[in-house]
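Residue-level listing of the chains:
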Amino acid sequence: MTHYAWTIKTHGRRDIEKVTTLPELYDILQMLKLPGTAPPFWLTIDPWRDKIPGHGHYAHNEGGSDEWSLIWTKVDYGPGDGA
């Protein structure tokens, strides 16, 4: 199963850094109830596909406390995969 190392940065909270699958990341986004969270398919859209495959960045920028960002990168192995 594909795993991603990712970081969520939000206003007024500590950064959250983990290695999970995309469904697990989406579950965490839903639990955080961040403004502007889109359906999970946007996590697989890679605007830099030709330059850096498997990496991505999303920023929700509405100003003030509603700003947050997510950056992710595909990793070869996830927790417990025996890397």
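Scoring rules and cut-offs
- Residues numbered from 1 in each chain as written.
- Predicted model: local features only at pLDDT ≥ 70, side-chain atom pairs only at ≥ 80, totals over all residues.
- Heavy atoms only, no water.
- Phe/Tyr/Trp six-rings, centres within 6.5 Å; stacked < 30°, edge-to-face > 60°.
- Helix = DSSP H or I, 4+ residues; strand = E, 2+ residues; numbered from the N terminus.
- Buried < 20%, exposed > 50% of the residue type's maximum accessible area, 1.4 Å probe, protein only.
- Core = buried A, V, L, I, M, F, W, Y, C linked by side-chain atoms within 4.5 Å.
- Contact = heavy atoms within 4.5 Å.
- Pairing = 2+ DSSP bridges.
- Axes fitted to C-alpha atoms, helices over the stretch in contact; angles between N-to-C directions.

K.L.:
Residue-level account of the packing of aromatic side chains, with values.
P.N.:
What the rule picks out here adds up to one aromatic pair. Judged by centre distance (5.2 Å) and plane angle (50°), the ring pair of tyrosine 58 and tryptophan 68 falls under tilted. With a gap of 10 residues between them, tyrosine 58 in strand 3 (residues 55-60) and tryptophan 68 in strand 4 (residues 68-75) connect regions that are remote in the sequence. Take tryptophan 68: its relative accessible area is 4%, and that puts it in the buried class.

K.L.:
Describe unusual backbone geometry, naming the residues involved and giving the relevant values.
P.N.:
Positive phi, close to 50°, is recorded for lysine 33, a residue that is not glycine. Tracing the chain through its elements places lysine 33 in the loop between helix 1 (22-32) and strand 3. Under the relative-accessibility criterion, lysine 33 is labelled exposed at 71%.

K.L.:
For the nonpolar core, give the residues involved together with the corresponding values.
P.N.:
Note that soluble globular proteins tend to have their nonpolar side chains buried in a common cluster. Membership of the largest hydrophobic core is limited to 12 residues, which are Tyr4, Trp6, Ile8, Leu22, Leu25, Ile28, Leu29, Leu32, Leu34, Trp68, Leu70 and Trp72. Of all the secondary structure elements, the ones that give two or more residues to this core are strand 1 (3-10), helix 1 and strand 4. Considering each element in turn, this core owes the most residues, five residues, to helix 1. Ignoring any residue separated from it by four or fewer positions in sequence, one finds tyrosine 4 in contact with Lys18, Val19, Thr20, Leu22, Gly54, Trp72, Thr73, Lys74 and Val75.

K.L.:
Before we move on, could you go through the sheet that holds strand 1 and cite the residues and values that matter?
P.N.:
As summarised here, the arrangement of the four strands in space is 2-1-4-3, forming an open sheet in which the pairing is antiparallel. The open sheet has two free edges, formed respectively by strand 2 (16-20) and strand 3, since each of these has just one partner strand. When strand polarity is set aside, the average angle formed by the axes of neighbouring strands in this sheet is 15°. Sitting on the sheet, helix 1 is in contact with strand 1, strand 2 and strand 4, with an inclination near 15° to strand 1.

K.L.:
Which residues make up the environment of histidine 11, and what values go with them?
P.N.:
By secondary structure assignment, the location of histidine 11 is in the loop between strand 1 and strand 2. It is 6.3 Å that separates the C-alpha atoms of histidine 11 and glutamate 67, two residues lying 56 residues apart in sequence. Each residue touching histidine 11, except ones within four places of it in the same chain, is listed here: Gly64, Ser65 and Glu67.

K.L.:
I'd like a description of the environment of threonine 2, backed by residues and values.
P.N.:
Along the chain, threonine 2 turns up in the segment before strand 1. Threonine 2 gets classed as partly exposed once you look at its relative accessible area, which sits at 36%. In this structure, the C-alpha to C-alpha distance between threonine 2 and threonine 21, residues 19 residues apart in sequence, is 6.1 Å. What threonine 2 contacts, discounting residues up to four positions off in sequence, is Thr20, Thr21 and Lys74.

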